[in-house]
Amino acid sequence: MNFDKELDARGLNCPLPILRCKKSLNEMASGLVLKVVSTDPGSVKDFAAFAKQTGNELLSSSEAGGEYTFFIKKK
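Residues numbered from 1 in each chain as written. Predicted model: local features only at pLDDT ≥ 70, side-chain atom pairs only at ≥ 80, totals over all residues. Heavy atoms only, no water.

Caption draft 1: Structural detail: unusual backbone geometry. The amide bond that connects C14 to the next residue, P15, takes the cis arrangement and shows omega of 5°. Here P15 shows up in the loop between β1 (5-9) and α1 (16-26). (Helix = DSSP H or I, 4+ residues; strand = E, 2+ residues; numbered from the N terminus.)

Set out below in structure tokens:
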């Protein structure tokens with residue numbers, strides 16, 4: 001999937017991946033896509049809730065080898 005910016009949140013635990021994601025999205029223009037890579041298993045629920053609360057679109061969420069990858073489109 002194409003993305004405009006990447007955030008490496010590996011090794012960070014809740015709520016840091018969400019806080020860093022929020023900061024990155026604030027620096028981006030509307031419609032751009034942020035890729036986030038995290039190792040926190042709780043981030044799956046966190047990013048789904050974050051997208052719902054903020055109106056940003058969670059385009060996809062996947063897990064491979066203990067790493068969780070999210071693609072979030074800024075509203």
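Caption draft 2: Representation of the side chain of K74. For K74, the location among the structural elements is in the segment after β4 (67-73). A polar contact is formed between the side chain of K74 and the backbone oxygen of M28, at a distance of 2.8 Å. (Polar contact = N/O pair within 3.5 Å; in protein donor to acceptor, adjacent residues only side chain to side chain.)

Caption draft 3: Summary view of the pattern of salt bridges. A complete count under the given rule lists five salt bridges for this structure. Across the salt bridge formed by D8 and R10, the nearest N and O atoms sit 2.9 Å from each other. Given a relative accessible area of 45%, D8 falls into the partly exposed group. In this structure, the salt-bridge partner of E67 is R10, at a minimum N-O distance of 3.2 Å. With E67 in strand β4 and R10 in the loop between β1 and α1, this residue pair connects regions lying 57 residues apart in the sequence. Residue class for E67 comes out partly exposed when judged on its relative accessible area of 29%. One continuous salt-bridge network, built from bridges that share partners, spans K5, K23 and E27. (Salt bridge = Lys/Arg side-chain N within 4 Å of Asp/Glu carboxyl O. Buried < 20%, exposed > 50% of the residue type's maximum accessible area, 1.4 Å probe, protein only.)

Caption draft 4: Broad picture of the environment of E67. C-alpha separation for the pair E67 and R10, spaced 57 residues apart in sequence, amounts to 7.7 Å. Apart from residues no more than four positions distant in its own chain, E67 is found in contact with R10, V37, S38, T39 and S62. (Contact = heavy atoms within 4.5 Å.)

Caption draft 5: Quick peek at the nonpolar core. Of all hydrophobic cores here, the largest spans 14 residues; its most connected members are C21, L25, L34, V36, F47, F70 and I72. Secondary structure elements with two or more residues in this core: β1, α1, β2 (33-38), α2 (43-54) and β4. When near neighbours in sequence (up to four residues on either side) are disregarded, I72 contacts C21, L25, L32, V33, L34, V36, F47, N56, E57 and L58. (Core = buried A, V, L, I, M, F, W, Y, C linked by side-chain atoms within 4.5 Å.)

Caption draft 6: Representation of the packing of aromatic side chains in the model. A complete count under the given rule lists two aromatic pairs for this structure. Arranged with centres 6.0 Å apart and planes meeting at 50°, the rings of F3 and F71 form a pair that is tilted. Remark: F71 occurs in strand β4 and F3 occurs in the segment before β1; sequence separation between them is 68 residues. On the basis of relative accessibility, which here comes to 10%, the residue F71 falls in the buried class. (Phe/Tyr/Trp six-rings, centres within 6.5 Å; stacked < 30°, edge-to-face > 60°.)

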